[in-house]
There are 2 protein chains.
Amino acid sequence: MALTLVNTAEDIGRSRYAVLAQALRQRILAGEWVPGVALPAEQALALENQVALGTMRRALQVLVDEGLIERIHGRGTFVRAGLSGASMLRFFRFGSEDRSVPRSAIVSAKAAVPPADVLRRLGRPPGQEVLQLLRVRSLDDAPCLLESIWLPLPEFTALQSGDSADWGDLLYPLYAQRCGVHVHRAVDSIGFGRLAAAQARRLGLPAGHPCAVVERSAFDIAGSCVEVRVTRGDANAFHYSVTLS
Amino acid sequence: MALTLVNTAEDIGRSRYAVLAQALRQRILAGEWVPGVALPAEQALALENQVALGTMRRALQVLVDEGLIERIHGRGTFVRAGLSGASMLRFFRFGSEDRSVPRSAIVSAKAAVPPADVLRRLGRPPGQEVLQLLRVRSLDDAPCLLESIWLPLPEFTALQSGDSADWGDLLYPLYAQRCGVHVHRAVDSIGFGRLAAAQARRLGLPAGHPCAVVERSAFDIAGSCVEVRVTRGDANAFHYSVTLS
DNA sequence: AAGTGGTCTAGACCACTCT
DNA sequence: GAGTGGTCTAGACCACTTG
């Protein structure tokens, strides 16, 4: 299928490569190309759209900068696979020096109606049930992070019935394999709080202990929110670095 | 002065525009061009270096991406001015809705020998004196942030004698005007702690109250550390957002 | 009107990957 | 060797800013 050669109202005044980038973006979001399979060569795309090579290259560069595609010299242009891991560990410095992946234990997995703000973030109507996971992550058998995770249904029904013992330590690859959901972008919102008694017990800390709270909204390539997650860990272990320029 | 046309050992295997970018970068760091005055036109630079216009444009784009220069359509290419404000307020949500600049009060300003790690970050030998500022920032007359600031000497001698009453609420413009120091990049390292009694008193909070601690190292365009700052504020007001993609 | 950066073209040639 | 993206050229024309 070739790009339709229309000049929509939004196109006027915009540069050629910006219009091309937008057209390509829409084809990617529509699923015309999937991760792992190469897009047509830049030559072919340029011909198809009757622009010079350099113009098409520039349009593709826009999508590279957006993180939508990646280009590999000699191999081709690919839609970027989802995030494999966006470890919460980057926010904490626990004793162990190695940056190993912490062990994961699913405490519970059941359908439930979450708080209203979680449903809003998931873009679901009030009162709807979603899949709720409770997870404890441990380093050297010491629990360090507590996670509440909400996943929309029916997208994640595949996780509802199965045995969580063989899920492994990383959820995002699991989402991709079992549910075909690829996390492409995530927003982490950091705050401060205190552990409720039940939470403290699981982490081996006293009730009311200060904790860092990371609220994550994860999105797929089309921009739909596919996961809401709240992670809590000892405030004393929290550490994060930002650069301004 | 024209660029010297030498092929250093580091240049082999590197693209033409990368070599050009490096050469321009060095001339900028050496102070050949300063903020506010335009660089030569891309045409002139291309001629001077005997490359095509597109190649020079690409080299300049590298420096734009690095945040070293900015290009303004119809006006020219400029070395970027320093950060005007890198407000600590972006880490906190205090009551007042408007994102106004908090009032600033200098509590003390004196030469002193700082902790060893501060001297190390400033790249100064152990035992050397630097200028130490203690500052309280307030919103609606309520103190909200406490700052310890260390500035290397003799670069900041101009601030040692003067009256701090007329310094205003933003320090970085002051550094630029009075000391000729332009902050170009800053690294903020975030953690949680508790307020010592003296600190708590200044913020109107109980001793031992949880606080967020932001440790900043600020650098000039050449990469020298020109300020170390430790900011403390109520942990309950801390809030920050990061996006992964 | 003159000077600046921004867009676009139509090529050539190079470097990398896969078969 | 064939196919991919990466670099580089030498132009033309456009859009924006300033005098």
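Residues numbered from 1 in each chain as written. Chains lettered and ligands numbered in written order. Predicted model: local features only at pLDDT ≥ 70, side-chain atom pairs only at ≥ 80, totals over all residues. Heavy atoms only, no water.

### Comments concerning the pattern of salt bridges
All names here are of chain A. On inspection of all chains with the given rule, the structure shows 30 salt bridges over all chains. In this structure, glutamate 147 engages arginine 135 in a salt bridge whose closest nitrogen and oxygen atoms are separated by 2.8 Å. Pair noted here: glutamate 147 is in strand β5 (residues 142-151) and arginine 135 is in strand β4 (residues 130-139), with a separation of 12 residues, a long-range link. The pair formed by glutamate 147 and arginine 135 is uniform in burial state, with each residue classed as buried. Salt bridges linked by common partners bring Arg135, Glu147, Glu227 and Arg229 together as one network. (Salt bridge = Lys/Arg side-chain N within 4 Å of Asp/Glu carboxyl O. Helix = DSSP H or I, 4+ residues; strand = E, 2+ residues; numbered from the N terminus. Buried < 20%, exposed > 50% of the residue type's maximum accessible area, 1.4 Å probe, protein only.)

### Thoughts on unusual backbone geometry
Residue and element names in this part refer to chain A. Cis geometry is adopted by the peptide bond preceding proline 154, which originates at leucine 153 and carries an omega value of 10°. By the element assignment, proline 154 lies in the loop between β5 and α5 (157-161). The backbone of glutamine 50 sits at a positive phi, close to 55°, despite the residue not being glycine. Judged by its relative accessible area of 60%, glutamine 50 falls in the exposed class.

### A look at the packing of aromatic side chains
Counted under the stated rule, the structure contains 15 aromatic pairs over all chains. Consider the rings of phenylalanine 91 of chain B and tyrosine 240 of chain B, whose centres lie 4.9 Å apart with planes at 55°: the pair is tilted. You can see phenylalanine 91 of chain B sitting in the loop between β2 (76-79) and β3 (103-112) and its partner tyrosine 240 of chain B sitting in strand β9 (residues 239-244), a full 149 residues away along the chain. Per residue, the accessibility class of phenylalanine 91 of chain B equals that of tyrosine 240 of chain B, and both read buried. Look at phenylalanine 92 of chain B and phenylalanine 238 of chain B: their rings are 5.9 Å apart centre to centre, the planes differ by 85°, and that puts the pair in the edge-to-face class. Placement of phenylalanine 92 of chain B in the loop between β2 and β3 and of phenylalanine 238 of chain B in the loop between β8 (225-234) and β9 is noted, with a sequence separation of 146 residues between them. On the basis of relative accessibility, which here comes to 0%, the residue phenylalanine 92 of chain B falls in the buried class. Joined through ring pairs, the aromatic side chains of Phe91, Phe92, Phe94, Phe192, Phe238 and Tyr240 of chain A together with Phe91, Phe92, Phe94, Phe192, Phe238 and Tyr240 of chain B make up one cluster. Over the ring of phenylalanine 219 of chain A we find arginine 185 of chain A, and its NZ or CZ is 4.6 Å from the ring centre. (Phe/Tyr/Trp six-rings, centres within 6.5 Å; stacked < 30°, edge-to-face > 60°. Lys NZ or Arg CZ within 6 Å of the ring centre and 35° of its normal.)

### Side note on the pairing of strand β8 (residues 225-234) of chain A
The side chains of a regular strand alternate between the sheet's two faces. Residue and element names in this part refer to chain A. Of all 10 residues in β8, nine are buried; the element is thus mostly enclosed. Relative to β8, strand β7 (residues 210-219) runs antiparallel, the two sharing nine bridges. For glutamate 215, the partnering residue across the bridge sits in β8 and is valine 230. Hairpin connection from β7 to β8: five residues lie between these consecutive antiparallel strands, with glycine 223 at a positive phi of about 95°. (Pairing = 2+ DSSP bridges.)

### Here we look at the layout of surface pockets
Each pocket or cavity is described by its volume, and for the largest pocket that value is around 1000 Å³. Lining the largest pocket are 25 residues; nearest its centre among them are Arg57, Arg58 and Gln61 of chain A together with Arg58 and Gln61 of chain B. For the lining of the largest pocket, the secondary structure elements donating two or more residues are α3 (53-65), β1 (69-72) and β2 (76-79) of chain A together with α3 (53-65) of chain B. Broken down by class, the residue content of the lining of the largest pocket amounts to seven nonpolar, eight polar and 10 charged. (1 Å grid on protein atoms, 1.4 Å probe; cavity = no way out; pocket = protein on both sides within 12 Å on 5 of 7 lines; lining within 4 Å. Points joined across faces, edges and corners; volume = space filled by probe spheres on them. Nonpolar A, V, L, I, M, F, W, Y, C, P; charged D, E, K, R; others polar.)

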